[in-house]
Amino acid sequence: MSAELTAPGRLRGTLGAIAVPARMRATMLRRSLREHPGPTVAGLVGLLAAAWLIRYALRGDQHTLGLLVGAWVLGWIVLPLLLGGGRGRVRPAHLRLEPIGGVPAAIGLLAASAIGIGPAVSLVALAALPAHAARHGTVAVLVTAGGAVLLWLLGLIGSAIALEVVGHAGGPAGALLTGVFTGTAMGVAGSLWAVFPWVSVLLVAAPEEVVRAMAYVPSAWPLAAVTGPTGQGARLMATLVGIVALCAAAYIMIVRRVIATGVPFRPRRTTAASPAAAEREWLGWVPAATRAVAGRELRAWTRHPLRLQYLAFAVVYGALLAGLPLLSDVDVLLPWAGPLAVLGAAAMSAGLVGLDGTALWLPLTTPDGERAEVRGRALAWLVLVTPIGVLLAVAGILLAPDVDPLAALATLPALLGAGASVPVWVSLLRVRPVADPRHPTAADNPTDIVSVLVATAAGLLAAAPVLALVIWGPSEVAPLLPLVGLLGGAAAWWGGVWLADERLARRGTTVLAAAGQRSRPPETVLPLTWDVQWYRENTSTAWALGLLTVGWIPVIPQGLMPLAFGVDSGWIVAGHVSGSAHTAVGLAMVGLGVAMLLTGLVLWDRRPQPGGPAQPVPPG
């Protein structure tokens with residue numbers, strides 16, 4: 001009798017424990033909606049998108065609808081990782097003190113995850129599947145409605161697994177995802193001219209290759225189950241149920257582990273040799289101090305979340321800029337995937353010193369440490385990025401065998417040489433400290449637009465001789481293009497190394513103080529009126545201001561405008577000559593302007609610092 005009375009009591013206790021996460025989530029959501037209007041606005045935008053998807057489902061293509069639904073579910077899983085969706089959620093660790101098992105805890109956590117604006121909007125959007133199936137009868141509507149519920153559960157469980165596994169992986173996995181997402185967004189934005197025509201065709205009717213690929217995408221299976229043979233439809237729905245069951249089992253295992261051990265799931269660490277140790281085996285010709293810095297930098301590149309994010313962004317961005325034009329049958333950019341990725345990696349490396357904090361005291365207190373620091377950083381970048389650039393370039397060549405890859409291959413060493421050394425100098429020149437170097441976040445951006453532009457311009461300048469010979473040179477010089485690229489890369493390497501050496505040797509303490517601050521260092525105060533005494537005491541600063549102001553005139557109006565756009569007005573020097581002389585004068589103007597800008601940057605680096613002896617005393 002006691003056992004019969006105990007069983008209902010246990011059941012009530014289990015149901016009560018399952019309801020605890022749901023009540024917690026409902027309370028947090030209610031308070032969040034009162035304090036922040038952001039979720040409500042996002043929900044309204046999501047409802048508009050869901051309404052458009054349902055409207056498209058009424059008359060649109062079946063395979064395109066499956067693709068759109070799959071993109072929606074995938075975004076539901078991935079976007080919370082990038083947008084901080086883990087905040088405000090009930091996690092398995094919150095239930096450690098509750099008398100509840102793994103299965104009831106997982107059910108309660110999933111029930112709590114289902115409470116929110118996002119799951120509700122997603123359920124509305126997935127109603128597009130039965131809306132499309134209405135043309136096939138009542139049975140088709142019921143089958144696709146069941147498939148929509150399964151896809152909704154797949155998104156719900158997948159999002160919970162992703163937040164628990166990736167969100168607790170120490171940062172690198174989330175950083176990689178963030179880099180891939182932002183790189184994809186920027187790559188698509190940079191290739192809208194190629195994407196828009198393909199999207200227009202896709203919305204009308206899916207191409208044959210998309211139709212074949214959708215046979216392996218779960219989001220297309222509910223519609224395929226009602227339009228194909230009965231046996232095939234049963235197999236597809238059973239497979240979808242199996243995928244959801246496997247995800248549920250995986251989530252139950254994760255919840256049990258967290259409740260039992262108190263620590264979130266983490267991938268097991270391996271005992272394999274670190275990349276730095278592997279590089280030392282064939283970097284024996286490098287001095288020991290430089291090799292040590294290179295090893296440290298390689299470890300930082302594979303462990304630091306922001307570095308991984310920047311590298312992933314550069315690779316994805318470059319690959320998409322070269323590959324997305326294939327949607328419009330343009331393959332001429334495919335061999336340039338490697339150079340574009342290298343150029344992006346150089347631009348994203350133009351502020352890494354700000355991430356190191358006060359760790360720069362090590363090279364400053366070591367004999368000849370400045371030289372080893374600069375060369376080690378440049379060498380580590382070169383060792384890391386060179387294989388990526390080469391692999392992407394080779395892949396592009398294999399995918400576009402009819403495109404001449406000589407220009408892309410010739411510019412690759414030039415971009416590698418400039419990208420390895422010039423960003424080191426730029427990051428020493430423009431130090432932007434982060435709030436806490438020990439706990440970096442995605443908001444800690446140590447670069448700015450000026451640093452990115454300088455690093456990018458250095459790569460373009462190193463590759464300019466190759467590009468000039470490709471565009472304007474005779475065909476007989478084509479075999480010399482790789483040599484010209486190697487020479488340009490070597491010149492950019494040594495130029496960037498020399499500038500970085502001088503910066504760290506002359507202003508090492510200034511760089512260290514700037515990197516260790518929680519805010520940016522004070523800028524040089526410039527007079528707002530003509531002050532002869534100030535200009536006499538700050539000659540280098542005055543020349544730097546003049547060169548940085550006037551240097552753009554030879555580059556843009558006198559150089560790029562006549563060369564790229566054919567603008568030859570009366571005051572443009574190249575407009576008074578024709579033929580090869582017109583091109584030569586335009587290139588000479590670009591070179592003159594770049595030299596003026598670089599000289600201005602060097603002089604600006606040597607300006608008297610605030611508080612120094614050359615700083616004028618303000619009047620009054």
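Please read these numbers as outputs of a predicted model, since none were measured by experiment.

Q: Give me the lowdown on the overall build of the chain, citing residues and values where you can.
A: Secondary structure summary: the chain contains 25 helices and zero strands in total. Counting across all 620 residues of the chain, residues that qualify as buried make up 43%. Taking as baseline every contact in the chain between residues at least 6 positions apart, the subset at least 24 positions apart corresponds to 78%. As displayed, the chain has an accessible area near 31,100 Å², and 69% of this comes from carbon and sulfur atoms.

Q: Tell me what's going on with empty space enclosed by the protein, and back it up with residues and numbers.
A: In this structure the tally under the stated criterion is five cavities of 30 Å³ or more. By volume, the largest cavity is sized at about 100 Å³. Surrounding the largest cavity, Glu297, Trp301, Arg307, Ser349, Leu352, Arg377, Trp381, Gly419, Ala420, Pro423, Val424 and Ser427 form its lining. Of all the elements in the fold, those that place two or more residues in the lining of the largest cavity are helix H14 (288-303), helix H18 (369-399) and helix H19 (406-429). Ranked by the residues each element gives to the lining of the largest cavity, the list is headed by H19, at five residues. The class makeup of the residues in the lining of the largest cavity is six nonpolar, three polar and three charged. Of the pockets and cavities examined, the second largest cavity occupies roughly 60 Å³.

Q: Give a detailed account of the side chain of Glu373, specifying residues and quantitative values.
A: Relative to the assigned elements, Glu373 resides in helix H18. A distance of 2.8 Å separates polar atoms of two side chains, one belonging to Glu373 and the other to Arg377. Setting aside its immediate chain neighbours within four residues, Glu373 contacts Val293, Arg296, Leu360, Pro363 and Leu504.

Q: Requested: an account of the packing of H14 against H18, with residues and values cited.
A: One can describe the packing of H14 onto H18 by two numbers: an axis separation of 7 Å at closest approach and a directional angle of 50°. It follows from the interaxial angle that H14 and H18 lie oblique. Where H14 crosses over H18, the two elements pack in a sense that is right-handed. On H18, the residues that touch Ala289, Thr290, Val293, Ala294, Arg296, Glu297, Leu298 and Trp301 of H14 are Ala372, Glu373, Arg375, Gly376, Arg377, Leu379, Ala380, Trp381, Val383 and Leu384. Of the residues assigned to the contact of H14 with H18, the class counts are eleven nonpolar, two polar and five charged.

Q: Account for the confidence of the model for the chain, with residues named and values stated.
A: Where the model shows low pLDDT, its predicted coordinates should not be examined in detail. When pLDDT is averaged along the chain, the result is 79; 80% of the residues meet or exceed 70. Low pLDDT, under 50, characterises residues 1-5; the predicted model gives this stretch zero contacts beyond four residues in sequence or across chains.

Q: Pulling in residues and values, what's your account of the environment of Leu68?
A: In this structure, Leu68 sits in helix H3 (residues 62-82). When its relative accessible area of 24% is taken as the criterion, Leu68 is described as partly exposed. As a C-alpha pair, Leu68 and Ser219 span 151 residues in sequence and 8.6 Å in three-dimensional space. When residues no more than four places from it in sequence are discounted, the contact partners of Leu68 are Trp52, Leu53 and Tyr56.

Q: Can you lay out helix H15 (residues 305-323) for me, pointing to particular residues and giving the numbers?
A: Relative to the 27 Å expected for 19 residues at 1.5 Å per residue, H15 spans 26 Å between its end C-alpha atoms, a close match to the ideal helical length. Counting buried positions over the 19 residues of H15 gives 14, a clear majority of the element.

Q: Describe in detail the environment of Tyr216, supporting the description with residues and values.
A: Turning to its location among the elements, Tyr216 is positioned in the loop between helix H10 (208-214) and helix H11 (221-227). Tyr216 gets classed as exposed once you look at its relative accessible area, which sits at 70%. Tyr216 sits 20 residues away from Leu236 along the chain, and the two C-alpha atoms are 9.9 Å apart.

Q: Lay out the packing of aromatic side chains in plain terms, naming residues and giving numbers.
A: This model, assessed by the stated rule, comprises four aromatic pairs. An angle of 25° between the planes, with centres 5.4 Å apart, marks the rings of Phe313 and Tyr317 as stacked. You can see Phe313 and its partner Tyr317 sitting in helix H15, four residues apart, about one turn around the helix. Overall, Phe313 belongs to the buried group, its relative accessible area being 16%. Across the ring face of Trp301, the terminal group of Arg307 is positioned such that the distance to the ring centre comes to 5.2 Å.

Q: Account for the pattern of salt bridges, naming residues and giving values.
A: In total, this model carries seven salt bridges according to the counting rule given. Taking the shortest distance from any N to any O, the salt bridge between Glu297 and Arg296 comes out at 3.0 Å. By relative accessible area, Arg296 is classed as partly exposed at 30%. Ionic pairing is found between Glu297 and Arg307, a salt bridge with its closest N-O pair at 2.8 Å. On the criterion of sequence distance, the pair formed by Glu297 in helix H14 and Arg307 in helix H15 is long-range, its members being ten residues apart. Residue Glu297 shares its accessibility class with Arg307, and that shared class is buried.

Q: Break down the side chain of Arg377 for me, citing the residues and quoting the values.
A: Along the chain, Arg377 falls in helix H18. Classification of Arg377 as buried rests on a relative accessible area of 8%. Leave out the neighbours within four places in its chain, and Arg377 touches Val293, Arg296, Glu297, Arg307, Val353, Asp356, Leu360 and Val424.

Q: Pulling in residues and values, what's your account of the nonpolar core?
A: Residues Val342, Val374, Trp381, Val385, Trp425 and Leu428 are the most contacted members of the largest nonpolar core, which totals 54 residues. Counting only elements with at least two residues in this core, the list comes to H14, H15, helix H16 (337-348), H18, H19, helix H20 (449-472) and helix H21 (481-516). For Val385, the residues in contact, after removing those within four places along its chain, are Val342, Ala345 and Leu416.

Q: Talk me through helix H5 (residues 117-126); I want residue IDs and the actual numbers.
A: Of all the residues in H5, the buried ones are Pro119, Val121, Ser122, Ala125 and Leu126. Viewed end-on, H5 has its buried residues packed into an arc of 165°, placing them on one side of the element.

Cut-offs applied
- Residues numbered from 1 in each chain as written.
- Predicted model: local features only at pLDDT ≥ 70, side-chain atom pairs only at ≥ 80, totals over all residues.
- Heavy atoms only, no water.
- Helix = DSSP H or I, 4+ residues; strand = E, 2+ residues; numbered from the N terminus.
- Buried < 20%, exposed > 50% of the residue type's maximum accessible area, 1.4 Å probe, protein only.
- Contact = heavy atoms within 4.5 Å.
- Areas by Shrake-Rupley, 256 points an atom, 1.4 Å probe, with all protein chains shown as cover.
- 1 Å grid on protein atoms, 1.4 Å probe; cavity = no way out; pocket = protein on both sides within 12 Å on 5 of 7 lines; lining within 4 Å.
- Points joined across faces, edges and corners; volume = space filled by probe spheres on them.
- Nonpolar A, V, L, I, M, F, W, Y, C, P; charged D, E, K, R; others polar.
- Polar contact = N/O pair within 3.5 Å; in protein donor to acceptor, adjacent residues only side chain to side chain.
- Axes fitted to C-alpha atoms, helices over the stretch in contact; angles between N-to-C directions.
- Parallel < 35°, antiparallel > 145°, perpendicular 65-115°, else oblique.
- Left-handed = near helix turned anticlockwise from the far one by under 90°.
- pLDDT = per-residue confidence, 0-100.
- Expected span 1.5 Å × (residues − 1).
- Phe/Tyr/Trp six-rings, centres within 6.5 Å; stacked < 30°, edge-to-face > 60°.
- Lys NZ or Arg CZ within 6 Å of the ring centre and 35° of its normal.
- Salt bridge = Lys/Arg side-chain N within 4 Å of Asp/Glu carboxyl O.
- Core = buried A, V, L, I, M, F, W, Y, C linked by side-chain atoms within 4.5 Å.
- Arc of directions from axis to C-beta.

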